[in-house]
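Report on the structure
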Amino acid sequence: MLRLRFLKENHISISLISVILGLSGCVTSTDGIQKSQDQSRALSGERTKMGQSYNLNADCTAATIPKVRLVQAPAHGSVNFVSEGVYSNYKESQRVKCNSRKSPGVSEYYTSQTGYFGKDMYKVRVSYGEGTVKDVTVNINVIKN
């Protein structure tokens, strides 16, 4: 009986922890603008791809080319945006076929100041051209090279 009670109590705790951790990476929305956070790592002084944006039709052609702008610059480095072919990462069945080939998109690259290591962050706003707008906070752990 004691064993069953222990399992029930811990199951509730594990479920609660799972819900809390699951929500920590969720996209929220304020005033129609989706907000999210990304965690990443970069080697000190090295250009590192942090993310990419794309918007594809069901036939894998570009619906729009996203516009990405820096809202808050990093304190210890720089960010640049490059229009280039990217591999999408759709999870839904209709566009999963697009993931195996490059499509038009915008990549974000971060480079820390040479010799800097520690925490850094920046914020970007991505507009997809069909009404979707996302603000993304990118938290970076810069590691010694």
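Please read all numbers here as calculations on a predicted model, not as lab measurements. (Residues numbered from 1 in each chain as written. Predicted model: local features only at pLDDT ≥ 70, side-chain atom pairs only at ≥ 80, totals over all residues. Heavy atoms only, no water.)

It is worth spelling out the sheet that holds strand 5 (residues 77-87) at this point. One key point about sheets: their strands pair by backbone hydrogen bonds, in either a parallel or an antiparallel sense. Here 3 strands make up an open sheet; going across it, the order is 3-6-5 and the pairing antiparallel. Of all strands in the sheet, those bounded by a partner on one side alone are strand 3 (48-53) and strand 5. Averaged over all adjacent pairs, the angle separating strand axes in this sheet is 30 degrees, with direction ignored. Examined bridge by bridge, strand 5 and strand 6 (residues 102-112) share 11 bridges and lie antiparallel to one another. Looking across to strand 6, one finds that Ser78 is bridged to Thr111. (Pairing = 2+ DSSP bridges. Helix = DSSP H or I, 4+ residues; strand = E, 2+ residues; numbered from the N terminus. Axes fitted to C-alpha atoms, helices over the stretch in contact; angles between N-to-C directions.)

With that out of the way, let us pick up unusual backbone geometry. With a phi angle near 75 degrees, Cys60 is a residue other than glycine that sits in the positive phi range. Summarising the element assignment, Cys60 is placed in the loop between strand 3 and strand 4 (67-72). Taking relative accessible area as the criterion, Cys60 reaches 8% and is therefore assigned buried. (Buried < 20%, exposed > 50% of the residue type's maximum accessible area, 1.4 Å probe, protein only.)

Take the confidence of the model for the chain next. With 79% of its residues at a pLDDT of 70 or more, the chain has an overall mean of 84. Under a pLDDT of 50 for its full length, residues 1-25 has, in the predicted model, 0 contacts with residues more than four places off or in other chains. (pLDDT = per-residue confidence, 0-100. Contact = heavy atoms within 4.5 Å.)

By the definition in use, this model includes 1 disulfide. Disulfide pairing places Cys60 opposite Cys98 at an S-S distance of 2.1 Å. Of note, the bridge from Cys60 to Cys98 carries an S-S torsion of about -90 degrees and is left-handed in sense. With Cys60 in the loop between strand 3 and strand 4 and Cys98 in the loop between strand 5 and strand 6, this residue pair connects regions lying 38 residues apart in the sequence. (Disulfide = S-S within 2.5 Å.)

This brings us to the environment of Asn139. Within the element layout of this structure, Asn139 appears in strand 8 (residues 133-143). A relative accessible area of 21% places Asn139 in the partly exposed class. Along the sequence, Asn139 and Met121 sit 18 residues apart, while their C-alpha atoms lie 4.5 Å from each other. Ignoring any residue separated from it by four or fewer positions in sequence, one finds Asn139 in contact with Gln37, Asp38, Gln39, Ser40, Asp120 and Met121.

Relative to the helices and strands, Arg95 resides in the loop between strand 5 and strand 6. Each C-alpha atom, one on Arg95 and one on Asn57, is 7.7 Å from the other, the two residues being 38 residues apart in sequence. Setting aside anything within four residues of it in sequence, one finds Arg95 in contact with Leu56, Asn57, Ala58 and Tyr90.

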